[in-house]
Amino acid sequence: MTVRTHTQEPVTAELDRAALDFTPWRFWADADDGQRERQLALQAGLGRERGYVLGERCFVSEQASVTNEVLELGDRTYVAAGAYVSGSMRAGRDCSLNPYTVVRGDVRLGDAVRIGSHTSVLGFNHSMDPETEVHRQPLTSAGITVGDDVWIGSHVVVLDGVTVGDKAVLAAGAVVTKDVPAGAVVGGNPARLIRWRVPPAGGRAGTGLALQVRDFGDVAREQARALLDRCWDPASGLFVDAPGKAPTVRAQCDAVAIADLLLAGAPPQLPAHEQVARLRSWQDPATGMVGELGADLAPAPPRPGLFDPAAGYHVLSVGYALDLLGSAFPHPVAVVAEATPRDVIDGLERQDWHAGAWSAGHWVDILGTAMHWNRRAGVAGSPGAQEALLGWLLTHADPRTGMWGTPGGADGLLQVVNGYYRASRGTFAQLGLPVPYPERVVDTVLEHARDPRFFRPERQNACNVLDVAHPLWLTRGAGHRGDEVVELARDLLGQALRRWSDGEGLAFQAAHPSTAGTPATTPGLQGTEMWLAIVWLLADLAGLSDELGYRPRGVHRPEPVDG
């Protein structure tokens, strides 16, 4: 039995006609003669009354709002039901504005641009005068230009002033605030490079910062063997941080991290199994700690307790170096495995969070990382010890800064921000847990980054920049002040890229008249390892990390340890 309306026309016929407004790519194949005549009459009226220029076999839905001052549609371009189009739009052939698309302002689309439903392409903006209500302010328009063969997914927002290159893809939900290179696939908020739909010709398409990042990665890989050779001491069979220095535990670990990043393997100066055996032999079986090398090139016994500050960082550096080499500590970190929840709380309370937040964060980082290595080894530790650590941090984070410790004093926010990096790295970041008050963390870091004492280019050092880059990367999901974060990341990144010294790597400290010639301004393994990680974090915030060709996997890995 066929259901009919009061006009005796099948209901399915009415539904089919309505569907063509939402699937206009079917219109000229499926529409009946009456529908085609009605569409052609509509287009003729738009041309006659408004001066619109429409090509062959275009479609403009009667259910769309089209109020342009200028409208040009190439052959087979269509505007679906629910679309809102205003301003000046010039589109090439075979373009689509799918249902509920918004295209406003000065917009130019090339050929074969496909725009998904509920997407907004906004080629205009308001000014920002705080003395005048927004709706009373004049509009500005830099315009949006989209190249040929571009796919813009659903729920995308493209903001004024953006140029999208040929064959690019804007992934669903992307918020595009910056130009998109030809052939790039971008996504996220703000949109960043995900991969290439069409790889750059010769690997060198694009200019500016993206090209600088790519060149930096290429040069670092080409010179990795030379900078490791420079810091290899054949007499001891060990690495030194820089020529003329004594071998240290950290230098061996930095060499492993650099080789993993740039050479995708162990340092070539010594077989990997020998490096593993040596690093494992340095762990004190009684405490689980690793002391510093003495004159006899053997590690000094660590002091008992939770912990020996001189040996503390080796829990991170040696542990992660062994991990990169496919191995692990032979013994648990006993001083942590034996710590009770009360010991953990007492240790946290003993830290000088008021005047020494960095040292306090350092202590937390060691504790959290030792718990991780013990858990990897199947040593659970005292029940509730890790929960005590995380619970104390959660309940003691300052809701004004998102951090631990007290800002102020001669160093401003330096201690608090640097301590936050260490404390959050060893706990929340390492475990993949959300940090408390992420928006306040962003506010605090951005305020600190304006302090010229630490962030003028000639005054920067690896610790201070890392301790800004990592918290911003860790809280990027909040989307808070995203444009400012990207702007800062791009500025710091551009400065860092210029510091590479051919065949030597990077120095911990930037050159400055007051520090010139000091060990901190001499390129070495520590500075190189830290700045390589910093460059990746900043590049990722700026949407350029794919250009580097490496991703940290050691102490400064971005993912959780078990992610």
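A. Spotlight on the overall build of the protein. Per the secondary structure count, the protein includes 17 helices and 23 strands. Projected onto the principal axes, the alpha-carbon positions of the protein cover approximately 95 × 55 × 50 Å. Within the span of the protein, comprising 563 residues, buried residues form 53% of the whole. Considering only intrachain contacts with a sequence separation of at least 6, the fraction spanning at least 24 residues in the protein is 50%. Roughly 24,400 Å² of accessible area belongs to the protein as shown, and the carbon and sulfur atoms make up 53% of that amount.

B. Inspection of the sheet that holds strand β8 (residues 96-97) at higher detail. Spatially, 8 strands are ordered β2-β5-β8-β10-β15-β18-β20-β21 in an open sheet, and the strand pairing comes out mixed. Across the chains shown, the open sheet's two edge strands, defined by having one partner strand only, are β2 (59-60) and β21 (192-196). Pairing geometry for β2 and strand β5 (residues 78-79), over 2 bridges, is parallel. The partner of V60 across the bridge, within β5, is V79.

C. Summary view of helix α5 (residues 249-263). Taking 1.5 Å of rise per residue, 15 residues should cover 21 Å, and α5 covers 21 Å from first to last C-alpha, within 8% of that figure. Most of α5 sits out of view: 14 of its 15 residues are buried. Within two residues after α5, A264 carries a phi angle of roughly 55°, on the positive side.

D. Quick look at the confidence of the model for the protein. On average, residues of the protein score 91 in pLDDT, and 94% of them are at 70 or above. Here residues 1-7 is a poorly scored stretch, pLDDT under 50, and it has 7 contacts once near neighbours within four places are set aside; other chains count. Across residues 202-207, where pLDDT falls below 50, the model places 8 contacts with residues more than four positions away in sequence or in other chains.

E. View of the pairing of strand β7 (residues 88-91). Bridge analysis of strand β4 (residues 70-73) against β7 gives 4 bridges, and the strand direction is parallel. Pairing of L71 across the sheet is with M89, part of β7.

F. Region of the structure containing the pattern of salt bridges. Tallying each qualifying case throughout the model produces 28 salt bridges. For the salt bridge of R440 with E439, the shortest nitrogen-to-oxygen distance reads 4.0 Å. Through salt bridges with shared partners, one network takes in E439, R440, D443, R481 and E484.

G. Representation of the environment of T140. Turning to its location among the elements, T140 is positioned in strand β13 (residues 139-140). You can call T140 partly exposed: its relative accessible area is 40%. Sequence separation of T140 and G105 is 35 residues, and the distance between their C-alpha atoms is 9.2 Å. Apart from the residues within four sequence positions on either side, T140 is in contact with F124, N125 and D160.

H. Spatial organisation of the environment of A246. The topology assignment puts A246 in the loop between β23 (238-239) and α5. Here A246 falls in the exposed class, since its relative accessible area comes to 53%. Taking C-alpha positions, A246 is 17 Å from A311, a pair spaced 65 residues apart along the chain.

I. Inspection of the side chain of H362 at higher detail. In this structure, H362 sits in helix α10 (residues 357-376). Classification of H362 by relative accessible area gives buried; the value is 13%. Beyond its immediate chain neighbours, meaning those up to four positions away, H362 contacts P309, Y313 and R422.

J. Representation of the packing of aromatic side chains. In the structure shown here, the tally under the stated rule is 11 aromatic pairs. Between W404 and F428, the aromatic rings sit 6.2 Å apart at their centres with planes inclined by 10°, giving stacked as the arrangement. Placement of W404 in the loop between α11 (385-396) and α12 (414-431) and of F428 in helix α12 is noted, with a sequence separation of 24 residues between them. F428 shares its class with W404; the two are buried. The ring of W473 is capped by R476, whose NZ or CZ atom sits 3.6 Å from the centre of that ring.

K. Spatial organisation of the side chain of D160. Tracing the chain through its elements places D160 in the loop between β16 (157-158) and β17 (163-164). At 11 Å, R108 is the nearest oppositely charged side chain to D160, a buried residue that forms no salt bridge. Looking at D160, its side chain comes within polar contact range of the main-chain nitrogen of G143, at 2.7 Å. Contacts of D160, omitting those with residues within four sequence positions, involve L122, G123, F124, N125, T140, S141, A142, G143 and I144.

Here is what the cut-offs are and how they apply
- Residues numbered from 1 in each chain as written.
- Predicted model: local features only at pLDDT ≥ 70, side-chain atom pairs only at ≥ 80, totals over all residues.
- Heavy atoms only, no water.
- Helix = DSSP H or I, 4+ residues; strand = E, 2+ residues; numbered from the N terminus.
- Buried < 20%, exposed > 50% of the residue type's maximum accessible area, 1.4 Å probe, protein only.
- Contact = heavy atoms within 4.5 Å.
- Areas by Shrake-Rupley, 256 points an atom, 1.4 Å probe, with all protein chains shown as cover.
- Pairing = 2+ DSSP bridges.
- Expected span 1.5 Å × (residues − 1).
- pLDDT = per-residue confidence, 0-100.
- Salt bridge = Lys/Arg side-chain N within 4 Å of Asp/Glu carboxyl O.
- Phe/Tyr/Trp six-rings, centres within 6.5 Å; stacked < 30°, edge-to-face > 60°.
- Lys NZ or Arg CZ within 6 Å of the ring centre and 35° of its normal.
- Lys, Arg positive; Asp, Glu negative; His and termini not counted.
- Polar contact = N/O pair within 3.5 Å; in protein donor to acceptor, adjacent residues only side chain to side chain.

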